[in-house]
Amino acid sequence: MLIPFSMKNCFQLLCNCQVPAAGFKKTVKNGLILQSVSNDVYQNLAVEDWIHDHMNLEGKPILFFWRNSPSVVIGRHQNPWQECNLNLMRGEGIKLARRRSGGGTVYHDMGNINLTFFTTKKKYDRMENLKLIVRALNAVQPQLDVQATKRFDLLLDGQFKISGTASKIGRTTAYHHCTLLCSTDGTFLSSLLKSPYQGIRSNATASIPSLVKNLLEKDPTLTCEVLMNAVATEYAAYHQIDNHIHLINPMDETLFPGINSKAKELQTWEWIYGKTPKFSINTSFHVLYEQSHLEIKVFIDIKNGRIEICNIEAPDHWLPLEIRDKLNSSLIGSKFCPTETTMLTNILLRTCPQDHKLNSKWNILCEKIKGIM
C-alpha cells in the first residue's frame, strides 16, 4: 500500500520517528518502508547520504526503494575510465554517478530496483537482508531458484546474477544496498559497462564481470511493482511493522533539510571524476602519413582527475618537437576530459604557424588524444 508523506510532519518523523498523526504511530515505532518518487540518480543517492548522516536508527530500521532513469553508478574507489564506456554514455545522454559505498559498477534503469537497508552498525547484516529478498521472491514465485552467495550476490538458477551488493558502515549507522534486475535493458547494460580504453594502469577497485538475467525473463508476472510489494511485505513481517510503503520526494527541503546541497555535490566533476584513485595511461595509436602508418605514443599520469604528467611522442618529421612540447605542457594541470582538452588545444592551435598540413596533423592528434578520455 502506497502512502504519500505528510509534508508538515515529515522532518519530525524522520529525525525522531515520532509523529502526532495516529496513522503513523505504530509504523514509526519499529521502522519505515520508503519509496522515492524521483528517478534521478543524484537525488536518490542524496537520500541515502541524508538518512545515514541524520537519522537515529536505534530500533528503527529503514528500507528504501528507488529506481533511476538510465545511469551508470560506480563505487567509491573506482575508476570510471576503467569501468565504463564514457564516450558512448556521453553520446546517449547516460548519467554517471559515484556513490559513497564501495563495490563495483552497476547500470540502472527503470527495470532495475535499488533497495537500501538502513540499520545501526550493530544490526548491520547483509546476508540476512539477502535472505529476506529470497523469501519475498519465493513467496510470489515458489519455483524460483535464487540463492545468496558468499560474495553477497543473488544468483538465479545457480549462474545468473540478478543482484549485486555494496555497503557503507559509519560510526554508529550503516547501510547495505543492492540491485534487483527485473526488466533492465541487457544490451545497454553490457555495452555501457565495457571500457574501450587501453593501457590503463590503476589500483582502483575493479568490477568482476558476471552473467546477468532479468527476473521478468523467468516469469513475466514478476514486474518491478510486484517485486517491491513482495519485499515490502516480507520486510514488514520480519520487523513487525505496518506494511505501508511511504512515498517521499527527495528534493523536498522540508522533509530533508540540506539535501539539495548533497545532491549538487554528487553531480560535480570533482566528486565523480576527481575522486578517482591515481592512475596512468600508456598507450599508442597509428596515423597514416604518405601511405605508411606512424606510431604515436602517449604516456599520461592522472591524479585527482587532472593530468599530472603528459608525454606525447611522435616522429619529428610528422609533428615538430616544439609543437609537441607545447601540447604536453599545456595539458598538465588540466582536467582529463575531452571538453577541457578541446578548449586548450583550440587555444594552442591559434599560436601555431598557419600551415594547412600542420593544422591537419594537429587536429588528427588532438582527436586521437580525446578518444582516450
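Use the structure listed above.
For clarity, every value in this text was computed on a predicted model and none was experimentally measured.

Thresholds applied
- Within each chain, residues carry numbers counting from 1 in the order of the written sequence.
- For a predicted model such as this one, the threshold for reporting local features is a pLDDT of at least 70, and the threshold for listing and counting side-chain atom pairs is 80 or more; totals across whole chains, interfaces and linings nevertheless cover every residue.
- As a rule here, side-chain values come from all non-hydrogen atoms in the structure, and water together with hydrogens is ignored.
- The rule for a salt bridge is simple: a side-chain nitrogen of Lys or Arg has to be within 4 Å of a carboxyl oxygen of Asp or Glu.
- Note on conventions: DSSP H or I runs of at least 4 residues are helices, E runs of at least 2 residues are strands, and numbering of each starts at the N terminus.
- Accessible area is worked out with a 1.4 Å probe on protein chains only. A residue is then buried under 20% of its type maximum, exposed over 50%, and partly exposed in between.
- Two strands make a pair as long as DSSP finds a minimum of two bridges between them.
- With axes taken as lines fitted to C-alpha atoms, and helix axes fitted only over the stretch in contact, angles between N-to-C directions fall between 0 and 180 degrees.
- Residue contacts are counted whenever heavy atoms from the two residues lie within 4.5 Å of one another.
- For classification purposes, angles smaller than 35 degrees are called roughly parallel, those larger than 145 roughly antiparallel, those between 65 and 115 roughly perpendicular, and all remaining angles oblique.
- Should the near helix be turned anticlockwise from the far one by less than a right angle, the crossing is left-handed, and should it be turned clockwise, the crossing is right-handed.
- Lys, Arg, Asp and Glu make up the charged group, whereas Ala, Val, Leu, Ile, Met, Phe, Trp, Tyr, Cys and Pro make up the nonpolar group; the residues left over, Gly among them, are polar.

Side-chain pairing between opposite charges can occur once the charged atoms of the two side chains come close. Evaluation of the coordinates by the stated rule reveals twelve salt bridges. Note that Arg-100 is salt-bridged to Asp-49, the shortest N-O span being 2.8 Å. Here Arg-100 is found in the loop between β5 (95–98) and β6 (106–108), whereas its partner Asp-49 is found in helix α3 (residues 41–54), with 51 residues between them in sequence. Note on Arg-100: relative accessible area 22%, which makes it partly exposed.

An order of β13-β15-β16-β17 is seen for the four strands of this open sheet, with the pairing classed as antiparallel. Lying at the two open borders of the sheet, with one neighbouring strand each, are β13 (200–202) and β17 (306–313). Ignoring which end each strand starts from, the neighbouring axes of this sheet average 15 degrees apart. Sheet topology places strand β15 (residues 279–289) next to strand β16 (residues 292–303); eleven bridges connect them, and they run antiparallel. Within β16, the position partnered with Phe-279 by the bridge is Ile-302. Together, β15, β16 and β17 form the strand contacts of helix α14 (residues 356–370), whose direction differs from that of β15 by roughly 145 degrees.

Here we take up unusual backbone geometry. A positive phi angle is found at Phe-152, which is not glycine, with a value near 65 degrees. If you trace the backbone, Phe-152 turns up in the loop between β8 (146–148) and β9 (154–156). In this structure, Asn-304 is a non-glycine residue whose phi angle is positive, near 55 degrees. The residue Asn-304 is located in the loop between β16 and β17 in this model. Judged by its relative accessible area of 49%, Asn-304 falls in the partly exposed class.

Next up on the list: the side chain of Asn-85. Along the chain, the position of Asn-85 falls in the loop between α4 (80–83) and α5 (86–92). The class for Asn-85 is buried, based on a relative accessible area of 16%. Ignoring anything within four residues of it in the chain, the contact list for Asn-85 reads Ser-191, Leu-192, Lys-194, Ser-195, Pro-196 and Tyr-197.

Attention now moves to the environment of Leu-331. Position of Leu-331 among the secondary structure elements: in helix α12 (residues 321–331). In contact with Leu-331, other than residues within four places in its own chain, are Ile-307, Cys-310, Ile-312, Thr-341 and Leu-344.

Another point: the packing of helix α6 (residues 126–140) against helix α9 (residues 224–239). It is the contact of α6 with α9, at a shortest axis distance of 8 Å, that shows an interaxial angle of 120 degrees. By the angle class used here, α6 and α9 are oblique. For the pair α6 and α9, the sense of crossing is right-handed. Across the interface between the two elements, Glu-128, Leu-132, Arg-135, Ala-136, Leu-137 and Val-140 from α6 touch Val-226, Leu-227, Ala-230, Val-231, Glu-234, Tyr-235 and Tyr-238 from α9. Counted by class, the contact of α6 with α9 contains ten nonpolar, no polar and three charged residues.

To continue, consider the packing of helix α13 (residues 338–349) against α14. Two elements in contact, α13 and α14, have axes separated by 10 Å at closest approach and are oriented at 165 degrees. When the axes of α13 and α14 are compared, the pair comes out roughly antiparallel. As for the relative orientation of α13 and α14, their crossing is right-handed in sense. In this structure, α13 uses Pro-338, Thr-341, Thr-342, Thr-345, Leu-348 and Leu-349 to contact α14, whose residues at the interface are Asn-359, Trp-362, Asn-363, Cys-366 and Lys-370. Across the contact of α13 with α14, the residue classes tally to five nonpolar, five polar and one charged.

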